[in-house]
Amino acid sequence: MEEMEEELKCPVCGSFFREPIILPCSHNICQACARNILVQTPDAESPQSSRASGSAASDYDYLDLDKMSLYSEADSGYGSYGGFVSAPTTPCQKSPNGVRVFPPTTPIQHHPPPVPRNSCITCPQCHRSLTLDERGLRGFPRNRVLEGVVDRYQQSKAAALRCQLCEKSPREATAMCETCDVFYCDPCRLRCHPPRGPLAKHRLVPPAQGRVTRRTSPRKISTCTEHDLENLSMYCVQCKSPVCYQCLEEGSHSTHEVKALGAMWKLHKGQLSQALNILSDRATEAKEFLVQLRNMVQHIQENGVEFEACLVAQCDALIDALNRRKAQLLSRVNKEHEHKLKVVRDQISHCTVKLRQTTGLMEYCLEVIKENDPSGFLQISDALIRRVHMTESQWGKGTLTPRITSDFDLTLDSGPLLQTIQQLDFVQMKVPAAPILQLEECCTQNNSATLSWKQPPLSTIAVDGYNPGAGRRKRGSEVYVGTETICTVDGLHFNSTYKSRVKAFNSSGVGQYSKTLVMQTSEIAWFTFDPVSAHPDILLSNDNLTVTCNSYDDRVVMGNTAFSRGVHYWEMTVDRYDNHPDPAFGVARGDVLKDVMLGKDDKAWAMYVDNNRSWFMHNNSHTNRTDGGIGKGATVGVLLDFTRGILIFLINDEQQGPVAFEGVEGLYYPAISLNRNVQVTLHTGLPIPDFYTPGEADPTSSAC
């Protein structure tokens, strides 16, 4: 609650708000302070601004009228009002700010100065200049929510109630009139509320009791600043302010979108609550961060003492020349020590101030949410929501990160000979820290995985290289060694989970592994033809899904994805087929020959087919001649099952011949060889044909 106190103090007088008003810039100021900082503009001197004394009375602010009504020249129990004299014929009534006004009888010799017509006020917080209209200060709405929060806060602090009529330094109140709803000190009570006449019937109670009475009394219904007799009942969405029925009928809001006051009250409370939840999380992080910083102070001190002791022990073992060097090194360590402490302490101080401000704003907003006055809440809700969002953004990225590490990354090497003492210096003899995975750059595509990482931002230890590893079981394998900070691994199993991590190394050794990242490869293979590895005579189109070849000789093109595990099926549609050529379909190793028919060497397993029949071929061996060929519009399917280690071919959804090849294991790419203007289109990501039942996977298969 103490942090919230700054939210409850006027920026002008520095005291708790008294009768605060809301300026158009959403800031608050005491009504009396606002009157004190008014500035008259040059237009106020024009003839149009000079009116007769009768019309000048209309320029008086309600605050002036309240003060005039409460002061009288004699203790007669009657008040003065605007210079007119009359007998009391009606009971006392309340002015808009809650102070009772009595019928006047005796003229007042000295009137409080009216608010000039052409006056302006400058906000003490944002320095925005605001021009007052003919209503003067009463054109600004009262912040009843803030008044309620201040009242509760003062009550929780057991603060003494102050007189509401003292001009400069309010004295402690000694009584409260329940009828007038005003706190009085003894001098002001005797002067303004004598126990005579109609005032004798008023009930005076102790201030503490009066506070309870005020809190438990029904809340006043908010009235419109434009139309004093109308209650606020709707909310103008365009102007973001509560309005009355008359404003909608004939005022400036008649063409604006309006909504129910209660609904907007609940909506803005919900928005403020959501913003507070986010800010609360930031405040919690800030508190934890402060604990971390305070621990760093202790660690820096401990590490500094330990490092200093080691340095002294090494220097004491050297000769006189080494002792002179020792003093220089100690000075360097002490400077580093003091620098780290200064940086951390400065960050603690900065974060503490910001956290205090954040906590104060949170507590103030929570108190505002407790208020049950919809219109009063809506008058300040937008500004509070903006402040909460702005404060939350100040705790953005990097704010809760230490500016310096607590470690002393220096080690003294005492091995050099005596003649090298003058060149003695600190050398890095520590292993690198664990790298940090860049999760936003780590991804999988089909059966490939990309891992990205970086060194901790505060680490100053040299790194010679990195060594990432991946595997489907506890025991994985190294996939890369080098200085790059990104690595892509191809040829992984589809529909498999891989655990990946990386470590750094230098001349001192190998550091710790990073956190483990679990990566899932694609369940179904989606791939295209690979233009990079294809023979130059191959022509690709349709996003590398359609290929053709005008050469008379066979030319090979492979897919851009390799398989080593699971069951996979893809098809190729024959778009153009003239003069009965014999294209070949199948799978191949990555180093297959690209200028001969697929299956001619020992790196491919294929079926070549013409318009009448087909053959299976591997290593230039032709087997299993089968009737049935292809033509334009035909579909050739390839079924690769690693669970059984077999390769099957289909033509127009029918199996072509027996199982083509058995004992299939290793890494294979989809492949095709074309010539003589044949054109085919690839279709991937297809389900396994209905007639085929896949076998169970071998549980002893090895991980990558």
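Residues numbered from 1 in each chain as written. Predicted model: local features only at pLDDT ≥ 70, side-chain atom pairs only at ≥ 80, totals over all residues. Heavy atoms only, no water.

So, the overall build of the protein
- Summing up its helical and strand segments, the protein has 10 helices and 38 strands in all.
- Look at the contacts in the protein between residues 6 or more apart in sequence, and 65% of them connect residues 24 or more apart.
- Accessible area for the protein stands at about 36000 Å²; split by element, carbon and sulfur atoms hold 50% of it. (Helix = DSSP H or I, 4+ residues; strand = E, 2+ residues; numbered from the N terminus. Contact = heavy atoms within 4.5 Å. Areas by Shrake-Rupley, 256 points an atom, 1.4 Å probe, with all protein chains shown as cover.)

Considerations on unusual backbone geometry
- Backbone geometry at E19 places phi at a positive 50 degrees, although glycine is not the residue there.
- Relative to the elements of secondary structure, E19 occurs in the segment before strand 1 (20-22).
- Positive phi, normally seen in glycine, also occurs at D653, with a value near 70 degrees.
- Looking at where D653 falls in the secondary structure, it is placed in the loop between strand 34 (646-651) and strand 35 (654-655).
- Looking at D653, the relative accessible area reads 55%, which means it is exposed. (Buried < 20%, exposed > 50% of the residue type's maximum accessible area, 1.4 Å probe, protein only.)

Observations regarding the nonpolar core
- Membership of the largest hydrophobic core comes to 69 residues, with the highest contact counts inside it found for L272 and Y364.
- Within the residue set of this core, elements represented by two or more residues are strand 1, strand 2 (28-30), helix 1 (31-36), helix 4 (144-156), helix 8 (261-316), helix 9 (320-370) and helix 10 (374-394).
- The element contributing the most residues to this core is helix 8, with 18 residues.
- Setting aside residues no more than four positions away along its own chain, L272 makes contact with C365, I369, F377, L384, I385 and V388.
- F494, F529, M572 and V678 belong to the second largest nonpolar core, which has 38 residues in total. (Core = buried A, V, L, I, M, F, W, Y, C linked by side-chain atoms within 4.5 Å.)

Some points on the side chain of S452
- Its place among the elements puts S452 in strand 18 (residues 448-454).
- In terms of polar contacts, S452 uses its side chain to reach the side chain of E441, at 2.9 Å.
- With sequence-adjacent residues up to four places away left out, S452 is seen in contact with L437, Q438, E441, C442, T485 and I486. (Polar contact = N/O pair within 3.5 Å; in protein donor to acceptor, adjacent residues only side chain to side chain.)

Notes on the sheet that holds strand 9 (residues 182-184)
- Strand order in this open sheet of 3 strands is 9-8-10, and the pairing throughout is antiparallel. Strands with a single pairing partner mark the edges of an open sheet, and in this sheet they are strand 9 and strand 10 (204-205).
- The sheet contact formed by strand 8 (residues 175-177) and strand 10 spans 2 bridges and is antiparallel. Bridging across to strand 10, C177 finds its partner in L204. (Pairing = 2+ DSSP bridges.)

A closer look at the environment of L674
- Following the sequence through the fold, L674 ends up in strand 37 (residues 669-674).
- For L674, a relative accessible area of 0% translates into the label buried.
- For the pair L674 and V596, spaced 78 residues apart in sequence, the C-alpha separation works out to 9.6 Å.
- Once you skip the residues sitting within four places of it in the chain, L674 turns out to touch V547, T548, C549, D553, D554, R555, P583 and V680.

Overview of the confidence of the model for the protein
- In this model, the protein carries a mean pLDDT of 79, and residues with pLDDT of at least 70 account for 80%.
- Every residue in residues 697-704 scores below 50 in pLDDT, and together they form 17 contacts with partners more than four places removed in sequence or on other chains. (pLDDT = per-residue confidence, 0-100.)

Structural notes on the sheet that holds strand 13 (residues 258-260)
- Taking strand neighbours across the sheet as the criterion, the 3 strands line up as 12-11-13 in an open arrangement whose pairing is antiparallel. Across the chains shown, the open sheet's two edge strands, defined by having one partner strand only, are strand 12 (241-244) and strand 13. Sheet twist, expressed as the mean angle between neighbouring strand axes with direction ignored, is 50 degrees.
- When strand 11 (residues 232-236) meets strand 12, the two strands line up antiparallel, connected through 4 bridges. Counterpart to C236 in the pairing with strand 12 is S241. (Axes fitted to C-alpha atoms, helices over the stretch in contact; angles between N-to-C directions.)

As for the packing of helix 8 against helix 10
- Where helix 8 contacts helix 10, the axes come no closer than 9 Å and their chain directions differ by 25 degrees. Relative to helix 10, helix 8 is oriented roughly parallel. Crossing of helix 8 against helix 10: the hand is left-handed. Along the contact surface, helix 8 presents L261, M264, W265, H268, K269, Q271, L272, A275, L276, I278, L279 and R282, while helix 10 presents P374, S375, F377, L378, S381, D382, L384, I385, V388, H389, T391 and E392.
- Grouping the constituent residues of the contact of helix 8 with helix 10 by class yields 14 nonpolar, 6 polar and 4 charged. (Parallel < 35°, antiparallel > 145°, perpendicular 65-115°, else oblique. Left-handed = near helix turned anticlockwise from the far one by under 90°. Nonpolar A, V, L, I, M, F, W, Y, C, P; charged D, E, K, R; others polar.)

Some thoughts on helix 10
- The end-to-end C-alpha distance of helix 10, which contains 21 residues, comes to 29 Å, matching closely the 30 Å that a straight helix rising 1.5 Å per residue would cover.
- Taken as a whole, helix 10 carries its principal kink of about 40 degrees at S381.
- Within helix 10, 15 of the 21 residues are buried, which leaves it mostly tucked inside the rest of the structure. (Expected span 1.5 Å × (residues − 1). Bend = angle between axes of the 7 residues up to and from the residue.)

Here's the deal with the packing of aromatic side chains
- Applying the stated criterion across every chain, the model contains 10 aromatic pairs.
- Between F527 and F563 the ring centres are 5.8 Å apart and the planes differ by 75 degrees, which places this aromatic pair in the edge-to-face class. With F527 in the loop between strand 24 (517-520) and strand 25 (538-541) and F563 in the loop between strand 27 (555-558) and strand 28 (567-576), this pair connects stretches of sequence that are 36 residues apart. In terms of burial, F527 and F563 fall into one category: buried.
- Aromatic side chains W605 and Y668 sit 5.2 Å apart centroid to centroid with 75 degrees between the ring planes, which places their arrangement in the edge-to-face category. With W605 in strand 30 (residues 604-609) and Y668 in the loop between strand 36 (661-662) and strand 37, this pair connects stretches of sequence that are 63 residues apart.
- Note on W605: relative accessible area 14%, which makes it buried.
- One aromatic cluster is present, built from ring pairs that chain together F494, F527, F563 and W570.
- Over the ring of W395 we find K354, and its NZ or CZ is 5.4 Å from the ring centre.
- Its end group placed over the ring of Y513, R501 keeps NZ or CZ at 3.6 Å from the ring centre. (Phe/Tyr/Trp six-rings, centres within 6.5 Å; stacked < 30°, edge-to-face > 60°. Lys NZ or Arg CZ within 6 Å of the ring centre and 35° of its normal.)

Some points on the pairing of strand 37
- The element strand 37 is extensively covered by neighbouring structure, given that 5 of its 6 residues are classed as buried.
- Sheet topology places strand 29 (residues 584-588) next to strand 37; 5 bridges connect them, and they run antiparallel. When the sheet's bridge partners are listed, A584 is paired in strand 37 with S673.

Points about the pattern of salt bridges
- A full pass over the atoms with the stated rule returns 13 salt bridges.
- The residue K340 makes a salt bridge to E336 at a minimum N-O spacing of 3.6 Å. In this pair, K340 and E336 are both assigned in helix 9, 4 residues apart and thus about one turn of the helix distant.
- Of the residues examined, K340 reaches a relative accessible area of 3% and is grouped as buried. (Salt bridge = Lys/Arg side-chain N within 4 Å of Asp/Glu carboxyl O.)

Focus on the pairing of strand 6 (residues 119-122)
- As paired elements, strand 6 and strand 7 (residues 129-131) share 3 bridges and run antiparallel to each other. Bridge pairing in strand 7 links I121 to L130.
- Counted along the chain from strand 6 to the antiparallel partner strand 7, the turn is 6 residues long, and its residue H127 has a positive phi close to 60 degrees.

Points about the side chain of D382
- You can see D382 is positioned in helix 10.
- Although buried, D382 forms no salt bridge, and the nearest oppositely charged side chain, K240, lies 4.8 Å from it.
- In this structure the side chain of D382 is engaged in a polar contact, spanning 3.3 Å, whose partner is the side chain of Y235.
- If we skip the residues at most four places from it in the chain, D382 touches Y235, K240 and H268. (Lys, Arg positive; Asp, Glu negative; His and termini not counted.)

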